[in-house]
Amino acid sequence: QRYRDMGSAEKMNPFAEQEAWEDHQIENATLKFGAKNKEVSDNYEFVFEDQIDFIKASVLAGENYEDEMHAKPSQDSAGKSAFHMLQEDRKALPIYSYRDRLLNAVKDHQVLIIVGETGSGKTTQIPQYLHEAGYTKHGKVGCTQPRRVAAMSVAARVAQEMGGKLGHEVGYSIRFEDCTSEKTILKYMTDGMLLRELLGEPDLGSYSVIIVDEAHERTLHTDILFGLVKDIARARPDLKLLISSATMDAEKFSDFFDQAPIFSFPGRRYPVDICFTTAPEADYMDAAIATVLTIHVKEQLGDVLVFLPGQEEIEAVEENLKHKIRGLGTKIRELIICPIYANLPSELQAKIFEPTPEGARKVVLATNIAETSLTIDGIKYVVDPGFSKMKSYNPRTGMESLLVTPISKASATQRAGRAGRTSPGKCYRLYTAYNYYNDLEDNTVPEIQRTNLASVVLSLKSLGIHNLLNFDFMDPPPSEALIKSLELLFALGALNQLGELTKAGRRMAEFPLDPMLSKMIVVSDKYKCSDEIISIAAMLSIGPSIFYRPKDKQVHADNAMMNFHVGNVGDHIALLKIYNSWKETNYSTQWCYENYIQVRSMKRARDIRDQLEGLLERVEIDVSSNANELDSIRKSIVAGFFPHTAKLQKNGSYRTVKHPQTVHIHPASGLSQVLPRWVVYHQLVLTSKEYMRQVTELKPEWLIEIAPHYYQLKDVEDATSKKMPKTSGRAVV
Ligand code: CDP
Ligand code: MG
């Protein structure tokens, strides 16, 4: 048997029963905590006495509330309008009983920390309550989300609940996509977008309330926002600031926000049985598939939520699971597989919220997004392999990579909790209890302490914040990471020697892109190729999923791809060729099919490009085209990415020029067989090796010409006498 269940535990491990029992206690303790609402803070606190009061309050609140709701018509054939049914759902949420008390607390305090179990209605309901209480009369209610999918899907849900169209009263704003209008009063947005809005509106004057939601996620942008909105709230007594979190470390937030009161309300939670594996799993994806199948065949009905690190893993598991299910024939019940990850098109996102048909079972394959940002009703089983994709950053070399990393205990607890929202549930952890207790960290390290800070430092500088070491950080980043990003911005010409923003830096800050990409765009003015460069920047921004390779047509797909690489032009120019060819066919879908290119990705690239073109105008750069001067285009790329250069070694690997490190050209690159002597790359990804993704050849003398402050002659001296033997294969044309 793969799992150790509570009962049979002690046979495998003398401590197992104890461990399992403790786990059970963890779950129950949280439940108790929720129901009783023990003291959370010494500073100030709202206590909800007992159940009776709770019921009374909901009845009262319900009565007051009913009338407003009945005002909206639109009946369906069943007599009960869909709208009415949604209102019923709203009232069933745990937060509903605390509506009035919450509104009173908001009235009495400028800053409030709100703590409530995931799925209790914080994100969808609080903005609506504020609207109903009149807070939108003199400004918008803004609510930040760490993830784009959450911002979109929550906004869609709230628009529905309010009986309006998405983008009207309720809208969302994420990078490169603004779904709001002048009418918008409830605005969901990514934390990064609010940061960008601050650049144009430093006092957030158009908002009456700002909700920093999912504060426990501690993303880089959320952490930066903490410091900024705290300052704005001091200067604007009329602004209400709500910090909302799903976990109990509320004191830390309260301390940071000048001892702001904590409003915490109980959620509903059923016990969750935790099972660990008895031995470590060799392959967590295989184990996840096997577990889903076991649940499907053996366990009573109820939906399954599987946590996987990313899109690739989700797609692989989806395919494999479908294959296995087909193999099982018609004897078993229907299994509906729903993936959810950041890049999933919005029409497919809605699918995970559709109720499961009677007799069937739904299995949701999700990234960390389903850990706290999104609540899917009806989940009874959670499969937790114990991994997530995490950014890590080496401040010494300035290299950033995305790694599949073990999660923290806090994450594991959140994941398990997703199984017990509507009924008792079960969580299958695909790791051992020993692993859990001994190897997992208690909490996830905040992103600000493990990421490249160049982009936020540029934003802060353009907000006029000069002394970053004195910035009000909840948890400061390592100072070497701050210094590294200042050095990079200086090297890119965004800051002068005094650390002040230059004209180029001001222009760069206008682009919602990594500073190296922004620099590449700003400098393209000089090389008269901004038209080509924004196409390349847009194509780089859509990520690696441009081509698709159907199993039975891989050769055709590869040939189609190689067409764009003819002449070994390099990956950046190949991206430009793809974009331009598509444009020449008048953005034809048919053309995409014929070339095994994802239409969706291309449409997104076009959107992004349009916006970049608008931003060019804003920073007064003309759109100029220089399509035949490929070297001008390459020089613009180098001017943005010169810190990312590498030189070929005798053994066919590469060595980065500054901070030497061994790297390789990604096999998907058009240059992976060509191996030019000098290359500039877009990013490094670490899989089986450290790979450079999106690579272009450069001439070493360009480095001295373009970045004389960064490279010296000795860095780029190319022992030209020692020509590389041309042993490795040529490009396939
Ligand atoms: O923010 P919190 O975790 O407290 O809860 P929420 O996101 O406001 O979710 C409240 C309810 O809305 C849950 O029952 C969700 O299932 C539902 N919801 C939904 O049906 N569709 C969405 N796109 C978002 C939430
Ligand atoms: Mg939420």
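Just so you know, these numbers come straight off a predicted model, no measurement behind them. (Residues numbered from 1 in each chain as written. Chains lettered and ligands numbered in written order. Predicted model: local features only at pLDDT ≥ 70, side-chain atom pairs only at ≥ 80, totals over all residues. Heavy atoms only, no water.)

**Topic: the coordination of the magnesium ion (ligand 2)**
Ideal geometry at a metal centre: 109.5 degrees between donors when four sit tetrahedrally, and 90 or 180 degrees when six sit octahedrally.
So, point 1. Ligation of the magnesium ion (ligand 2) by protein atoms is provided by Thr123 (OG1) and Glu214 (OE), these donors lying 2.0 to 2.4 Å from the ion. Here Thr123 is found in helix H5 (residues 122-132), whereas its partner Glu214 is found in the loop between strand S7 (207-212) and helix H8 (220-235), with 91 residues between them in sequence. The two residues Thr123 and Glu214 agree in class, both being buried. (Donors = N, O, S within 2.8 Å, 3.2 Å for Na, K, Ca; no water. Helix = DSSP H or I, 4+ residues; strand = E, 2+ residues; numbered from the N terminus. Buried < 20%, exposed > 50% of the residue type's maximum accessible area, 1.4 Å probe, protein only.)

**Observations concerning the sheet that holds strand S20 (residues 662-665)**
So, point 1. One closed barrel holds the five strands; their spatial order is S18-S19-S20-S22-S21, and the pairing between them is mixed. The mean inter-strand angle of the sheet, taken between neighbouring strand axes irrespective of direction, is 50 degrees.
So, point 2. Two strands pair when backbone bridges link them, and strand S21 (residues 678-686) and strand S22 (residues 690-697) are joined in this way by seven bridges, in the antiparallel orientation. From the neighbouring strand, Val685 faces S22, where its bridge partner is Tyr691.
So, point 3. Here helix H21 (residues 571-584) sits on the sheet and contacts S21 and S22; the angle it forms with S22, its principal contact strand, is near 70 degrees. (Pairing = 2+ DSSP bridges. Axes fitted to C-alpha atoms, helices over the stretch in contact; angles between N-to-C directions. Contact = heavy atoms within 4.5 Å.)

**Some remarks on the environment of Glu705**
So, point 1. Relative to the helices and strands, Glu705 is located in helix H25 (residues 700-706).
So, point 2. Sequence separation between Glu705 and Ala639 is 66 residues, and the spatial gap between their C-alpha atoms is 9.6 Å.
So, point 3. For Glu705, the residues in contact, after removing those within four places along its chain, are Tyr527 and Lys635.
So, point 4. Among the polar contacts listed, one links the side chain of Glu705 to the side chain of Lys635, at a separation of 3.1 Å. (Polar contact = N/O pair within 3.5 Å; in protein donor to acceptor, adjacent residues only side chain to side chain.)

**Topic: the packing of helix H10 (residues 284-298) against helix H11 (residues 311-328)**
So, point 1. Relative to each other, H10 and H11 sit at 40 degrees, their axes nearing to 10 Å. Between H10 and H11, the angle is such that the two are oblique. In the packing of H10 onto H11, the handedness of the crossing is right-handed. Facing H10, whose interface residues are Tyr284, Met285, Ile289, Val292, Leu293 and His296, H11 presents Glu313, Ala316, Val317, Asn320, Leu321, Lys324, Ile325 and Leu328.
So, point 2. For the contact of H10 with H11, the residue count by class is 10 nonpolar, two polar and two charged. (Parallel < 35°, antiparallel > 145°, perpendicular 65-115°, else oblique. Left-handed = near helix turned anticlockwise from the far one by under 90°. Nonpolar A, V, L, I, M, F, W, Y, C, P; charged D, E, K, R; others polar.)

**Description of the site of ligand 1**
So, point 1. Gly119, Gly121, Lys122, Thr123 and Thr124 are the nearest of the 15 residues found near ligand 1.
So, point 2. Here Gly121 contributes a backbone N or O atom positioned 3.0 Å from an oxygen atom of ligand 1.
So, point 3. Within the side chain of Arg157, an N or O atom sits 3.0 Å from an oxygen atom of ligand 1.
So, point 4. Look at ligand 1: alone it shows 530 Å² of surface, and the protein chains cover 95% of it.
So, point 5. For the shell around ligand 1, the secondary structure elements donating two or more residues are H5 and helix H6 (148-161).
So, point 6. Its residues assigned to classes, the shell around ligand 1 shows two nonpolar, eight polar and five charged. (Near = heavy atom within 4 Å. Areas by Shrake-Rupley, 256 points an atom, 1.4 Å probe, with all protein chains shown as cover.)

**So, the sheet that holds strand S9 (residues 262-265)**
So, point 1. On the basis of which strands lie adjacent, the open sheet formed by eight strands has the order S5-S4-S6-S3-S7-S8-S2-S9 and mixed pairing. Each edge of the open sheet carries a strand with a single partner, namely strand S5 (177-179) and S9. Pairs of neighbouring strands in the sheet enclose a mean axial angle of 20 degrees, with direction left out of account.
So, point 2. Pairing of strand S2 (residues 111-116) with S9 involves four bridges; the strand directions are parallel. Following the sheet pairing, Ile114 is matched in S9 by Phe263.
So, point 3. Where H6 meets the sheet, it contacts strand S3 (140-145), strand S4 (170-174), S5 and strand S6 (186-190), and its direction lies at approximately 170 degrees from that of S4.

**What to know about the pattern of salt bridges**
So, point 1. According to the stated counting rule, one finds 30 salt bridges in the structure shown.
So, point 2. Arg549 serves as the salt-bridge partner of Asp558, at 2.9 Å between the closest nitrogen and oxygen.
So, point 3. Between Glu613 and Arg609 there is a salt bridge; the shortest N-O distance is 2.9 Å. Separated by four residues within a single helix, Glu613 and Arg609 lie in helix H23 (residues 599-618), roughly one turn from each other.
So, point 4. For Glu613, a relative accessible area of 30% corresponds to the partly exposed category. (Salt bridge = Lys/Arg side-chain N within 4 Å of Asp/Glu carboxyl O.)

**As for the nonpolar core**
So, point 1. Formed by 112 residues in total, the largest nonpolar core has its most connected members in Phe257 and Leu612.
So, point 2. Counting residues per element, this core draws most heavily on H8, at eight residues.
So, point 3. Core analysis: the second largest hydrophobic core is formed by 53 residues, Val304, Leu321, Leu344 and Leu440 among them. (Core = buried A, V, L, I, M, F, W, Y, C linked by side-chain atoms within 4.5 Å.)

**Focus on helix H3 (residues 82-92)**
So, point 1. Within H3 the residues assigned to the buried category are Phe83, Leu86, Gln87 and Arg90. Taken around the axis of H3, the buried residues stretch over an arc of 105 degrees, which confines them to a single face. (Arc of directions from axis to C-beta.)

**Focus: H23**
So, point 1. Taking 1.5 Å of rise per residue, the 20 residues of H23 would be expected to cover 28 Å, and the 29 Å separating its terminal C-alpha atoms lies within 8% of that figure.
So, point 2. Taken residue by residue, H23 has Val599, Ser601, Met602, Ala605, Ile608, Arg609, Leu612, Leu615 and Leu616 as its buried positions.
So, point 3. Those residues of H23 that are buried are in contact with helix H18 (515-523), helix H19 (530-541), H21 and helix H22 (589-594). (Expected span 1.5 Å × (residues − 1).)

**Examining the environment of Arg148**
So, point 1. If you trace the backbone, Arg148 turns up in helix H6.
So, point 2. Taking the C-alpha atoms as reference points, Arg148 and Ala481, 333 residues apart in sequence, are found 26 Å from one another.
So, point 3. Other than its neighbours up to four places away in sequence, Arg148 contacts Ile174, Thr190, Ala342, Asn343 and Arg604.

**Focus on the packing of aromatic side chains**
So, point 1. Counted according to the given criterion, the structure contains 18 aromatic pairs.
So, point 2. On the basis of an interplanar angle of 65 degrees and a centroid distance of 4.8 Å, the ring pair of Phe471 and Phe473 is categorised as edge-to-face.
So, point 3. Its relative accessible area of 11% is what places Phe471 among the buried residues.
So, point 4. Here Phe473 falls in the buried class, since its relative accessible area comes to 13%.
So, point 5. Centroid distance Phe642 to Tyr710: 5.1 Å. Interplanar angle 65 degrees. Geometry classified as edge-to-face. Remark: Tyr710 occurs in the loop between H25 and helix H26 (713-716) and Phe642 occurs in the loop between helix H24 (630-641) and strand S18 (645-648); sequence separation between them is 68 residues. Neither Phe642 nor Tyr710 differs from the other in exposure class; each is buried.
So, point 6. Between the NZ or CZ atom of Lys409 and the centre of the ring of Tyr436, over which it lies, the distance is 5.9 Å.
So, point 7. Above the plane of the ring of Tyr587 lies Arg606, whose end atom (NZ or CZ) is 4.5 Å from the centre. (Phe/Tyr/Trp six-rings, centres within 6.5 Å; stacked < 30°, edge-to-face > 60°. Lys NZ or Arg CZ within 6 Å of the ring centre and 35° of its normal.)

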